[in-house]
Amino acid sequence: MDPQNPASFNLRKVKLPTGRTYEYCDQIPASYEHGETPILFLIHGFPELWYDWRHQIGPWVRRGWRVIAPSMLGYSGSDKPEDPALYTALSLAGDLADLLDALDVRKPVVVVAHDWGSTSAFAFATRYTERTKALVSISVPRQPPMPMSLTTDQMVARVGPDRLGYWFFFCSETGPTEIQSNIPRFIDMLYQSHRTVHPKLFAEGTMEKIMKGVIEAPGPSDLMSTKERQFHIDTLEAGGINKPLNYYRQTPHAFAIQEALKLNPILPNTLPVLLLAADHEPFGSPDLVERSRAFVPSLEVVRMDSAHFIMLEKREEVTQIIGDWVEKKLKGDE
């Protein structure tokens, strides 16, 4: 497994009972014993790929763990349905459970997730608590359940335009076309370290102005090598950005499935949960972290001197911190 070479990872595809096909990376250690070896289930966010875990997969496999990292719905070799309702976190949690079933994974898994992947991971742990050994969220804390069906305007107002203002651009009629026409600029705009990222990147208007050239675009991503960056650009250009943007369009549909399932939004205090929160982005701010404790009583928090893509900016620290934490939880906090 060479992080510089995507072809050195084992990619597979499987069709789920729903008819949807998922691509996934599946790395199995030499010591693997089916039903016994711990499994880490890595869930990426937007506009990411399974490949965003490239620095973590190898070291965690060398610890003796099987690592499964799907391409989430809308990305890469996975299906890209039109219906935004299929991109709600609880719907995706069902897909993730089906994926584990298809791979004959019955033992509870350790879920590690980032960004929108974290939203799906918390939904998975809520819907399938018995299948979740532990959960690690990177950047994004647990969000409270929806009080009602929310429009984009209402969602932005609820969380704040300084945090979610960019949703207006993503959900606009012209946003997807403007992004698709310049994927390299889009990737470089987002994938920046805390030293180079725009300080108000997520506020209303900033991303749109960068994409239109009103605000000067940053240089090439300082979180990727030239080869890594090109692979990401090529993959998004080929698959398109429109379907991944359904993660932002699904909000009006999320309440319906939440109400239909009638799940307890509070995770059990026996479920270990770790949050790696970034100091240089709005999503891991202390107020949002503290609000999440009402729904995650076992929450442990590690703050990091990083922008949003912590697993890239602080790759060695993230690999070590999560690896050691998981090792400890697998041993029962001995």
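Before reading on, note that the structure itself is shown above.
Quick caveat, the model's predicted, so the values are computed rather than measured.

Colleague: Can you explain the layout of surface pockets? Please cite residues and give values.
Modeller: Taken as a whole, the largest pocket encloses approximately 790 Å³ of empty space. If you list the elements that add at least two residues to the lining of the largest pocket, you get α2 (89-102), α3 (116-127), α4 (152-159), α5 (161-164), α12 (251-261) and α13 (286-292). Each residue belonging to the lining of the largest pocket can be placed in one class, and the counts come to 21 nonpolar, seven polar and seven charged. In this model, the second largest pocket occupies a volume close to 220 Å³. Lining the second largest pocket are 21 residues; nearest its centre among them are V197, L201, F202, E281 and H308. Its residues placed into classes, the lining of the second largest pocket shows 14 nonpolar, five polar and two charged.

Colleague: So what about the packing of aromatic side chains? Which residues, and what values?
Modeller: The geometry of an aromatic ring pair is captured by the separation of the ring centres together with the interplanar angle, meaning the angle of the planes. Considering all chains together, one arrives at 23 aromatic pairs under this definition. Aromatic pair W50 and Y51: ring centres 5.5 Å apart, planes at 65°, arrangement edge-to-face. Taken as a pair, W50 and Y51 share a single burial class, namely buried. Between W167 and Y248, the aromatic rings sit 5.3 Å apart at their centres with planes inclined by 90°, giving edge-to-face as the arrangement. Highlighted residues: W167 in helix α6 (residues 167-170) and Y248 in helix α11 (residues 246-249), separated in sequence by 81 residues. Just above the ring of Y51 sits the side chain of R54; from NZ or CZ to the centre is 4.5 Å.

Colleague: Quick one: what's the story with the pattern of salt bridges, residue by residue and with numbers?
Modeller: Evaluated as defined, the whole model comprises 17 salt bridges. As a salt-bridge pair, D101 and R131 come within 2.9 Å of each other at their nearest N and O atoms. Taken together, the positions of D101 in helix α2 and R131 in the loop between α3 and β6 (132-138) put the pair 30 residues apart, joining distant regions of the chain. The exposure class assigned to R131 is buried, which follows from its relative accessible area of 13%. Beyond isolated ion pairs, a larger network of salt bridges with shared partners links D101, D104, R106 and R131.

Colleague: Now, about α3: what can you tell me, with residues and values included?
Modeller: Taking 1.5 Å of rise per residue, twelve residues should cover 16 Å, and α3 covers 17 Å from first to last C-alpha, within 8% of that figure. Across the twelve residues of α3, ten count as buried, placing the element largely inside the fold. Of the positions making up α3, those classed as buried are W116, G117, S118, S120, A121, F122, A123, F124, A125 and T126.

Colleague: Describe the packing of α2 against α3, and please don't skip the residues or the numbers.
Modeller: Look at α2 against α3: their axes get within 8 Å of each other, and the N-to-C directions meet at 70°. On the basis of the axis angle, α2 is roughly perpendicular to α3. Residues A89, L90, S91, L92, A93, G94, L96, A97 and L100 of α2 form the contact with α3, whose own contacting residues are T119, S120, A123, F124 and R127. Among the residues forming the contact of α2 with α3, the class breakdown is nine nonpolar, four polar and one charged.

Colleague: Break down the side chain of H114 for me, with residues and values.
Modeller: Structurally, H114 can be placed in strand β5 (residues 109-114). Setting aside residues no more than four positions away along its own chain, H114 makes contact with I43, H44, G45, E48, W53, I138, S139, H308, F309 and M311.

Colleague: Describe in detail the environment of I57, supporting the description with residues and values.
Modeller: Examined against the element boundaries, I57 turns out to sit in helix α1 (residues 54-62). What makes I57 buried here is its relative accessible area of 0%. Those residues in contact with I57, other than ones at most four positions away along the chain, are M1, F9, C25, Q27, L42, W50 and V67.

Definitions and cut-offs
- Residues numbered from 1 in each chain as written.
- Predicted model: local features only at pLDDT ≥ 70, side-chain atom pairs only at ≥ 80, totals over all residues.
- Heavy atoms only, no water.
- 1 Å grid on protein atoms, 1.4 Å probe; cavity = no way out; pocket = protein on both sides within 12 Å on 5 of 7 lines; lining within 4 Å.
- Points joined across faces, edges and corners; volume = space filled by probe spheres on them.
- Helix = DSSP H or I, 4+ residues; strand = E, 2+ residues; numbered from the N terminus.
- Nonpolar A, V, L, I, M, F, W, Y, C, P; charged D, E, K, R; others polar.
- Phe/Tyr/Trp six-rings, centres within 6.5 Å; stacked < 30°, edge-to-face > 60°.
- Buried < 20%, exposed > 50% of the residue type's maximum accessible area, 1.4 Å probe, protein only.
- Lys NZ or Arg CZ within 6 Å of the ring centre and 35° of its normal.
- Salt bridge = Lys/Arg side-chain N within 4 Å of Asp/Glu carboxyl O.
- Expected span 1.5 Å × (residues − 1).
- Axes fitted to C-alpha atoms, helices over the stretch in contact; angles between N-to-C directions.
- Parallel < 35°, antiparallel > 145°, perpendicular 65-115°, else oblique.
- Contact = heavy atoms within 4.5 Å.

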